[in-house]
Amino acid sequence: STVFWNGSQGVVECETTLGAGRYALLWNTDPHAQLSSIAENQIRLMINYNTIQLLTPPYVKSDRVLVPLRVIAENMGAKVSWDPGEQRVDIVRDNHVIKLWLGSTEAKKDQQTLTIDISPEAVNGSTYVPLRFISEALGAKIEWDEVTQTAKVVQTSL
């Protein structure tokens, strides 16, 4: 079972796959409330079971979900900075540093060199990176729910 909570709007969604079907429960102070809509070709993102509202949406490229880096990193407690001279993004969390370069499939976590499936790219002023790469680099597990088109990121450790 999974519980989604949006405390700012007083909404709880619960879902389970126990038994032969899929069941959902909704609690909301609005008598006309419905379950979150699932738009075709739209990806819902959750971090630690909180739905993240993105100004620029995630997209799929070469079977990878790309997300705006800053929103993901900051929602996981990291600080993000940009070095325009090197076209580099630095992500710092708990004394660990992750460095990514636009257009490069090479990244660094502390002094370890890592390879990214798809290089970070700038789209409308945001740097997009593969969700699985940045989530795992920041010490999180990721699950994909095909039915609701939801990527669920759950922090473990760094």
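Every chain's residues receive numbers from 1 upward, in the order its sequence appears when written. Only residues with pLDDT of 70 or above have their local features reported here, since the model is predicted, and side-chain atom pairs are shown and tallied only from 80 upward, although totals for entire chains, interfaces and linings are computed over all residues. With hydrogens and water stripped out, all remaining heavy atoms of the structure feed into the side-chain values.

Kindly report on the overall build of the protein chain, identifying the contributing residues and their values.
Helix and strand definitions here come from DSSP, where helices need a minimum of 4 consecutive H or I residues and strands a minimum of 2 consecutive E residues; each element is numbered from the N-terminal end. Each helix and strand in the protein chain was counted, giving two helices and 16 strands. When the 158 residues of the protein chain are sorted by exposure, 39% land in the buried category. A contact between two residues is defined here by any heavy atoms of the two lying within 4.5 Å. Taking as baseline every contact in the protein chain between residues at least 6 positions apart, the subset at least 24 positions apart corresponds to 36%. Between buried and exposed lies partly exposed: a residue is buried under 20% and exposed over 50% of the maximum accessible area for its type, with that area taken using a 1.4 Å probe on protein chains only.

Residues and numbers for the sheet that holds strand β13 (residues 121-123), please.
Strand order in the open sheet formed by four strands is β6-β7-β14-β13, with antiparallel pairing between adjacent strands. Edge positions in the sheet fall to β6 (59-61) and β13, since each of these pairs with one other strand and no more. Within this sheet the neighbouring strands show an average axis-to-axis angle of 40°, counted without direction. Of the strand pairs in this sheet, strand β7 (residues 64-68) and strand β14 (residues 126-130) are connected by three bridges, and their pairing is antiparallel. Bridge assignment links Leu66 to a residue of β14, and that residue is Pro130. Any two strands with at least two DSSP-identified bridges between them are counted as paired. Helix axes are fitted to C-alpha atoms over the stretch in contact, other axes to C-alpha atoms as well, and angles between N-to-C directions run from 0 to 180 degrees.

So what about the side chain of Arg88? Which residues, and what values?
Among the secondary structure elements, Arg88 is positioned in strand β9 (residues 88-93). Note on Arg88: relative accessible area 10%, which makes it buried. A distance of 2.9 Å separates a polar atom in the side chain of Arg88 from a polar atom in the side chain of Glu86. Counting of polar contacts relies on pairs of N or O atoms within 3.5 Å, with two restrictions inside protein: one atom must be capable of donating a hydrogen and the other of accepting it, and residues adjacent in sequence are counted only when both atoms are side-chain atoms. Side-chain polar atoms of Arg88 contact the side chain of Asp90, separated by 2.7 Å.

Before we move on, could you go through the pairing of strand β16 (residues 150-155) and cite the residues and values that matter?
In this sheet, β16 lies alongside strand β4 (residues 44-47) in parallel orientation, the contact comprising four bridges. Bridged to Leu45 within β16 is Ala151. Strand direction decides the pairing type here: strand β15 (residues 140-145) and β16, joined by six bridges, are antiparallel. The residue bridging Lys141 from the neighbouring strand is Val154, located in β16. What sits between the antiparallel neighbours β15 and β16 is a turn of four residues, in which Gln149 has the positive phi angle 55°.

Break down the packing of aromatic side chains for me, citing the residues and quoting the values.
When two rings of Phe, Tyr or Trp (its six-membered ring) have centres within 6.5 Å they constitute a pair, described as stacked for plane angles under 30 degrees, edge-to-face for angles over 60, and tilted for the intermediate range. Enumeration according to the criterion identifies one aromatic pair in this entry. Between Tyr59 and Tyr128 the ring centres are 5.0 Å apart and the planes differ by 40°, which places this aromatic pair in the tilted class. You can see Tyr59 sitting in strand β6 and its partner Tyr128 sitting in strand β14, a full 69 residues away along the chain.

How would you summarise the pairing of strand β10 (residues 96-101) if you had to cite specific residues and measurements?
Along any regular strand, the residues point their side chains to alternate faces of the sheet. Two elements, β9 and β10, share six bridges in a ladder whose sense is antiparallel. By the bridge assignment, Val89 is partnered in β10 with Leu100. Linking β9 back to β10 in an antiparallel pair, the connection comprises two residues, with Asp94 at a positive phi of about 50°. The sheet contact formed by β10 and strand β11 (residues 106-109) spans three bridges and is antiparallel. Its bridge partner being in β11, Lys99 is matched across the sheet by Lys108.

How would you explain the environment of Ala122 if you had to name every residue and give the values?
Checked against the element boundaries, Ala122 lands in strand β13. Residues Ala122 and Gly103 lie 19 residues apart in sequence; the distance between their C-alpha atoms is 8.9 Å. Among all residues touching Ala122, those that are not within four sequence positions of it are Leu102 and Thr127.

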